[in-house]
Structure formats: structure tokens, C-alpha cells
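Structure at a glance
Below, each chain spelled out in residue letters.
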Amino acid sequence: MTQQTSKSSPITSWTSQLRDLQDRAHVAELLARLKSWGSERSDWKPWQSLARWFPQAISRCEETLARIDMPLIVATFGGTGSGKSTLINALVGSDVSVTGRQRPTTMRPLLIAHPEVELSKTSLPIETLEIVTAKSDWLKRVILIDCPDPDTSESSQEGPNTARLRQILPHVDVLLYITTQQKYRSARVLEELMSIAAGCKFLFVQSHADVDVDIRDDWRNVLKPHFDVPDMYFIDSISALKAEREGASTPAEFERLVKTLSSPFGPEQRDSLRLANLCQLMLEIVELIEKETSEYTPKLAELKSQIQLQQQRLLKEMSSNLQRELGLSKGLWEQRLLSEVLNLWEMTPFSAMLRIYNSLGSLAASFGMARARTTAHLAIIGAIQGARWLSQQNESQAAKERFKQMQTLSIEESSVREVEMIIKGYEQSAGLSQGIETAKEHRDALAQAVTLEHAFLDKASRLIDQMIQSVAFDHTRFRSRAVYETLFLIYVSFVVLRIGYNFFYESLWNHNEIMKLDFYIPAGIFFIIWTGGLIMFYLRGLQRSLALKLTEVSRQLAEINVPTAVFRDVQTKVEQTEARQLHLIQLKRDIQSQYEKNAPSTPTLGNFTRRN
């Protein structure tokens, strides 16, 4: 890989550098988005716990990004006596680490680096490490660390083994997981490895090949639920170190491990590997957040569903009340309908009769007033007619008031209280409330319920107005008017023609007598009957159409959709939480895409997964 880089043209090299810089910028942007996401304030219970660990996790990510140009840090990991120190000596080619198969000899972590590497620029806790330098060329690109054993409780001045191990491993890029036939099933070692596995790559090495049988297939099955294991190595570090001292050829399996450690870690591969590790670390953070929220996410959906369900319940209650009021106020709608008809129907003979019918009460009062002979008589008639008019007005006003009172009486406070308690329970279960209801919250719920009523009634009023206008328009079409005007004028024309025939022809030409009252009285009576019948038929048609429309309006009221939430604050919390969840999902997709782009091409490096 190094030779290909050296032979590449300046243009190709510059293009590669630009691509690396672009990848760094994208990963830095993703990290900034994740940090910004975590800094947002949230009322959701599972996200409130982020403050305990999220800043430290982001700090580790930022530290990984900051040391991207430093040599890769490769550390050993394994149980007591697994041959970690022996393998380090074999890799370096000298006895830099004390060895021992039966006891934990690595009490203080040992760092092996090339003399030209500036360790001060790394984020490693240098003061806790024992530093040894070696002049192997490949150590210019790699820093080796021989770590303490995770399965012993021995301590040194720096603290217990596990504490010192956890202090180092967050800085590691590649972990050499070394085991033996006796140690590969150690639950304690695997558990410790799982706790620090995110954010680094793995090389799996079985040592003691001189005395142990090959257990790599079984070891692979042990690791499979948690790791991708593309390759494993079976080596004898002691034989390899002896061959190096004697200048002989080292075993082929050991040579393969050295080639894996040295050849793919040039600057370009190093950047890709470290960016991939950083993306994996961010994915681990996101997955941990998702794990903490997994219990509450279905309950959040239940809360959202209950808000809509209880809102529909209140709307149904208002719809039922309004339908009842519509039935009680039927006379009001008929009066409004007739007034709308007269507004649409221009002045014609039949419409004049309708207007007379509509104002018949006022005409009767005027006629009574005209017959009054004394002031007392006039006062009595006025009182009677005034009482009738007042009664009619009271009935009409009462119907209007019943409709207006729906704004305050359509939802009972007990209904609001019941719905409020239901929503509060689901809100607490979803982790958005502590379950302690305040008087302010109750007042807000009542105020929002009134707002819901107003919005509902506003739509209902427009629906009723549309109904009245629709019925009035249907009954004032040309065909309808023509039928009633023709029927009305048939009788009027007959009477007028009969009178004209008698006056102009019979009396003048035939000298017959002019018709007397015995004609006009029956003609007037029949005129009233004929006109009244037509008016009754017309009004009957209006009433039938109004009844059908009221039924349709009642159905529409039951399905009316008012977008005002009863508990707006709760719904706002739910919407904000869902929006933040979607943001996190999208962020995870972007991180995963960048990880796949930066994943190193070396097929022998393993990855931590979460298949379980």
C-alpha cells in the first residue's frame, strides 16, 4: 500500500488529501450535530439521564478527532498468562516487557514507541505508563501498549488493574485480543472487553501455539454474538522471538500478524481507520440513547393516540349536545330559512304573499289598532299585541341563547376533569410528567377546552349557515319559483278575467248586472284558501328539506375536525420529542453512511457489533 502511494502522481496524491480532508470535515460535522442534539433541553425522562454520561462520551469522541494525525495506538488485551508481554517482545524484537505465563506480570502499563514520536501530543495518560523506546521503522506509525490483565484484582500505586485498563483503552485504535486454550471462554475477560469495545478495531490472536490445540473455530463462535471476526491468528511468540534473535525466519503465522500490523497503517489508512472508529463510537452513543428510550417510545405513541382519542370524545359530546339543541331550536332555523328565501326571491306576486305571511302578526296588530275607537281600547289592543310579539321574540331569543350558551355549557367540567386525569396518567407513563397536577395545569386544561368549544362552534355555525343558504337556494331556483308563481297566478288570473269579462263585456254590451258581493266574498275566501294552500305546500317543502339537511349536518357535526388540542402543552411536548427522535434517527443514518465510507479495507480487522 505504501509503495502504491509513493508511485502515485502529485495530482492523485492531492486528490486523496482533499478527500481525506472532506471526510474529516463530514465526521466533525456529524460530531457537532450529535453534541448539539445532546445539549437540547428535554422534559422526556429517558433523555434527562443523558447529563450523567453524554458529555464524557462526546469528550472521548472529540479527543479521538483531535489526535487523528498521531500514530495509531495498538494495545494488548487478554487474561492472565495469555502471552501479551511475550507477543510485545516478539513484535519489537527485544525483551522490553517482563514475561510470565502463570501470574500477572504486567502491573504497570508499558508503552513502546519510536524515539521520534512526540508522545506529549497524544491524549494518553503518560504519567501512569512506563515508556520504552524502540527503533523499529513500523513503530513510527504505531504506538504499542502492553496493558494490565482484566481478570485479576492485584493493584499497584496507580490503582487496580481494571481501573488502569479503563483509563487507557478509550485511547486505543486497534486492540490485540490475545487468549489461550484455557482463557478463551473467560466470562470476566469478555465482559470487560464488551465494556470498552466501541470505537476501536480488533485483531484476534491465539497464543501458546507450541503447547495448545487450535481452538479458533470454537472461539469464533463464542465471539460471534458480539463481534465481526474476519480472521484469527495462531502463533507461538516465544519461537518467533527466538528466531528473531538468531536471525532465522519467523513462523509464517507470526509474519502474517506483523504484516497486518505494519502494512495497512499509512497516513491515508490511518485516517480512515480512526474516522471509522470515531463513527462507530458515535453509533454506540446513539444506540445507547435508543436503548434507554426503547421502553418509553411505545408509551409516547400511546399518549399521542390518547390525546387524539380524548379530544374526539369531547368533540363527540359537543356534537351530541349541539344536535339536541338543533332539534329544540327547529323553529329558529325555519324562521331564518324563510328570511333567507325572501332575500333571494325578488318581489313577485307569490313572494309578496310569503312576505305578507311572514309579517302577518304585525299586520294583525296594525288592523286591530285601526279599529280602536277610544284611547283605552287602543291601549288594550296594544298590550295584547305587544304581549304576543314579546312572547314570539322571547321564544326566538331563547333559541338563539341556547345556541350561544353552548360555548360555556357544551363541555361539563367533570368531563374535562376525567379526560385530564386520563391524559395525565398516560403522560406520566410516557415519561413526560411526574404525575403531580397543579391548579394552573387544571385551569389551562379548562381554558383549552373552552378554546376547543369556540373552534367547534365556529365551524358548526358556518356549517348551519351553509345549510340554510343551500336549502334557500334550492327552493328559489327558477323552476321552483315558476311553478308556484304559475299556480298562484292561475287563480288570480281567473278572478281578474272573470271580473273584467263581467265589467267590460256583460255589463257594457249585454247590459247585464255587475257582479255583487255574493261573487267577491266566495272569491276572496277561495283566494285565501288557494294562497294559503300554496304557502303551506311551499313551507312544507322547506321543512322537509330543512329536516334532511339537519340530519346531514348532525352527521357532519359528529365527524367535524377541529385542529385545536385539548391539552396543547402535552401535545407540544409529544411533537417536540418525536421531532427530536426523528432527528436522532436521521443522524444515525448519516453516521452509519460515513462509517461505511471510512471503514478500512483491511479484511483482518474485526468490529464490535450488537447482534444480541
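Residues numbered from 1 in each chain as written. Predicted model: local features only at pLDDT ≥ 70, side-chain atom pairs only at ≥ 80, totals over all residues. Heavy atoms only, no water.

1. Concerning the overall build of the chain
Convention followed: Put simply, DSSP H or I for four residues or longer makes a helix, DSSP E for two residues or longer makes a strand, and each gets a number counted from the N terminus. Burial classification: accessible surface area is computed with a 1.4 Å probe over protein chains only, and a residue below 20% of its type maximum counts as buried, one above 50% as exposed, and the rest as partly exposed. Contacts are residue-level and defined by heavy atoms, with any inter-residue pair within 4.5 Å sufficient. Method for areas: the Shrake-Rupley scheme with a 1.4 Å probe, in which residue coverage is limited to the protein chains shown.
Secondary structure assignment for the chain yields 21 helices and 11 strands. In the chain, buried positions account for 46% of the 612 residues. Summarising the internal contacts of the chain: among those between residues at least 6 apart in sequence, 80% fall at separations of at least 24. Split by element, the accessible area of the chain, about 31,900 Å² in all, is 56% carbon and sulfur.

2. Some words on empty space enclosed by the protein
Quick reminder of the rule: Only protein atoms enter the calculation, which uses a 1 Å grid: trapped sets of points that fit a 1.4 Å probe without letting it out are cavities, open sets showing protein on both sides within 12 Å along at least five of seven lines are pockets, and any residue with an atom within 4 Å of a point is a lining residue. Grid points are joined across faces, edges and corners, and a volume is the space filled by probe spheres set on the points. For this classification, the nonpolar set comprises Ala, Val, Leu, Ile, Met, Phe, Trp, Tyr, Cys and Pro, the charged set comprises Asp, Glu, Lys and Arg, and every other residue, Gly included, is treated as polar.
Summed over all chains, the structure comprises two cavities of 30 Å³ or more. Considering only enclosed or pocket space, the second largest cavity measures out at about 40 Å³ in volume. As for the second largest cavity, its lining consists of Arg60, Thr64, Arg67, Pro170, Val172, Gly199, Asn277 and Leu281. Secondary structure elements with two or more residues in the lining of the second largest cavity: α4 (54-66) and α11 (267-293). When the residues that make up the lining of the second largest cavity are grouped by side-chain class, the tally is three nonpolar, three polar and two charged.

3. Some thoughts on the confidence of the model for the chain
When pLDDT is low, close inspection of the predicted coordinates is not appropriate. The condition that has to hold: Residue-level confidence of the predictor, termed pLDDT, takes values from 0 up to 100.
Within the chain, residue pLDDT values average 78, and 75% of them lie at 70 or more. Per-element averaging of pLDDT across the chain places helix α1 (residues 2-7) at the bottom with 40 and strand β10 (residues 232-234) at the top with 92. A low-confidence stretch, residues 371-389 (pLDDT under 50), is modelled with 10 contacts involving residues beyond four sequence positions or located in other chains.

4. Regarding the sheet that holds strand β8 (residues 201-206)
In plain terms, the rule: Pairs of strands are assigned from DSSP output, requiring at least two bridges between the strands. Only the stretch in contact is used when a helix axis is fitted, and all axes are lines through C-alpha atoms; the angle between N-to-C directions ranges over 0 to 180 degrees.
What the seven strands build is an open sheet, ordered β3-β2-β4-β1-β7-β8-β10; its pairing is mixed. The open sheet has two free edges, formed respectively by β3 (130-133) and β10, since each of these has just one partner strand. For this sheet, the mean angle separating the axes of adjacent strands, direction not counted, is 25°. Pairing between β8 and β10: three bridges, direction parallel. Among the inter-strand pairings, Val205 is bridged to a residue of β10, identified as Tyr233.

5. Observations concerning a nonpolar patch on the surface
Our working rule: Think of a patch as exposed residues, more than 30% relative accessible area, with no salt bridge, where like charges cluster within 9 Å and nonpolar side chains (Val, Leu, Ile, Met, Phe, Trp, Tyr) cluster within 5 Å. One side-chain nitrogen of Lys or Arg within 4 Å of one carboxyl oxygen of Asp or Glu is enough to make a salt bridge.
Together, Tyr501, Phe503, Phe504, Tyr505, Leu508, Trp509 and Ile514 give the surface a local cluster of nonpolar side chains, amounting to about 810 Å² of exposed area. Assignment of secondary structure puts Phe503 in helix α19 (residues 478-506).

6. Describing the nonpolar core
What tends to happen in soluble globular proteins is that the nonpolar side chains get buried as a cluster. We count it as follows: Side-chain atoms within 4.5 Å link the members of a nonpolar core, which is a set of buried Ala, Val, Leu, Ile, Met, Phe, Trp, Tyr and Cys residues.
With 41 residues, the main nonpolar core has Leu34, Phe54, Met282, Ile285, Ile289, Leu303 and Ile591 as its most contacted residues. At the level of elements, α2 (10-39), α4, α11, α12 (297-328), α17 (413-429) and α21 (568-598) are the ones that each hand at least two residues to this core. Apart from residues no more than four positions distant in its own chain, Leu303 is found in contact with Ile423, Tyr426, Glu427, Ala430, Leu432, Val570 and Val574. In this structure, Ile73, Leu124, Leu175 and Met232 belong to the second largest nonpolar core, which totals 35 residues.

7. What to know about the pairing of strand β2 (residues 110-113)
Alternating positions in β2 separate into two faces, Leu110 and Ile112 on one and Leu111 and Ala113 on the other, with burial throughout. Note that β2 and β3 share four bridges and pair parallel. Bridge assignment links Leu111 to a residue of β3, and that residue is Ile131. One ladder, built from three bridges, connects β2 with strand β4 (residues 142-146); its direction is antiparallel. Considered in β4, the bridge of Leu111 is made with Ile145.

8. Considerations on unusual backbone geometry
Even without glycine at this site, His208 takes up a positive phi of about 60°. Within the element layout of this structure, His208 appears in the loop between β8 and α8 (216-223).

9. What about the packing of aromatic side chains?
The cut-off we apply is this: Centre distance within 6.5 Å is the pairing criterion for rings of Phe, Tyr and Trp, where only the six-membered ring of Trp is used; planes under 30 degrees apart are then read as stacked, over 60 as edge-to-face, and the remainder as tilted. Charge over a ring is defined by NZ of Lys or CZ of Arg lying within 6 Å of the ring centre and within 35 degrees of the ring normal.
Enumeration over the complete set of coordinates arrives at 21 aromatic pairs. Considering the side-chain rings of Phe350 and Tyr538, the 6.0 Å spacing of their centres and the 80° angle between planes classify their relative orientation as edge-to-face. Within this pair, whereas Phe350 is found in helix α14 (residues 349-358), its partner Tyr538 is found in helix α20 (residues 517-558), the two being separated by 188 residues in sequence. Across the pair, exposure class does not vary: Phe350 and Tyr538 are buried alike. With centroids separated by 5.0 Å and ring planes inclined at 90°, the aromatic side chains of Phe503 and Phe504 adopt a geometry described as edge-to-face. By the ring-pair criterion, three or more aromatic residues cluster together here, those being Trp345, Phe350, Tyr484, Phe488, Tyr491, Phe527, Trp530 and Tyr538. Just above the ring of Trp47 sits the side chain of Arg580; from NZ or CZ to the centre is 4.6 Å.

10. Re the environment of Gly78
Residue position: Gly78 is located in the loop between β1 (72-77) and α5 (84-92). In this view, Gly78 contacts Lys84, Asp149, Pro150 and Ile178; residues no more than four positions away in its chain are not counted.

11. Comments concerning α19
Rules: A residue's bend is given by the angle between axes fitted to the 7 residues ending at it and the 7 residues starting at it.
Its maximal kink placed at Leu489, α19 deviates by approximately 25°. Along α19, the positions that sit buried rather than exposed are Ser480, Arg481, Tyr484, Glu485, Phe488, Tyr491, Val495, Asn502 and Glu506.

12. Focus on the packing of α5 against helix α9 (residues 237-246)
Stated formally: Here is the rule for angles: anything less than 35 degrees is roughly parallel, anything more than 145 is roughly antiparallel, 65 through 115 is roughly perpendicular, and the remaining ranges are oblique. Should the near helix be turned anticlockwise from the far one by less than a right angle, the crossing is termed left-handed; should it be turned clockwise, right-handed.
Axis separation between α5 and α9 bottoms out at 9 Å; the angle between their running directions is 25°. As judged from the angle between their axes, α5 and α9 are roughly parallel. Crossing of α5 against α9: the hand is left-handed. On the side of α5, the interface is formed by Thr86, Leu87, Asn89 and Ala90, while α9 contributes Ser237, Ile238, Ala240, Leu241 and Glu244. Its residues assigned to classes, the contact of α5 with α9 comprises five nonpolar, three polar and one charged.

13. Quick notes on the pattern of salt bridges
In total, this model carries 24 salt bridges according to the counting rule given. The partner of Lys304 in a salt bridge is Glu578, and the shortest N-O contact between them spans 3.2 Å. A residue pair is termed long-range when its members are at least 10 positions apart, and Lys304 in helix α12 and Glu578 in helix α21 qualify at 274 residues. Taken together, the salt bridges that share partners define one network made up of Asp214, Arg216, Asp231, Glu253 and Arg256.

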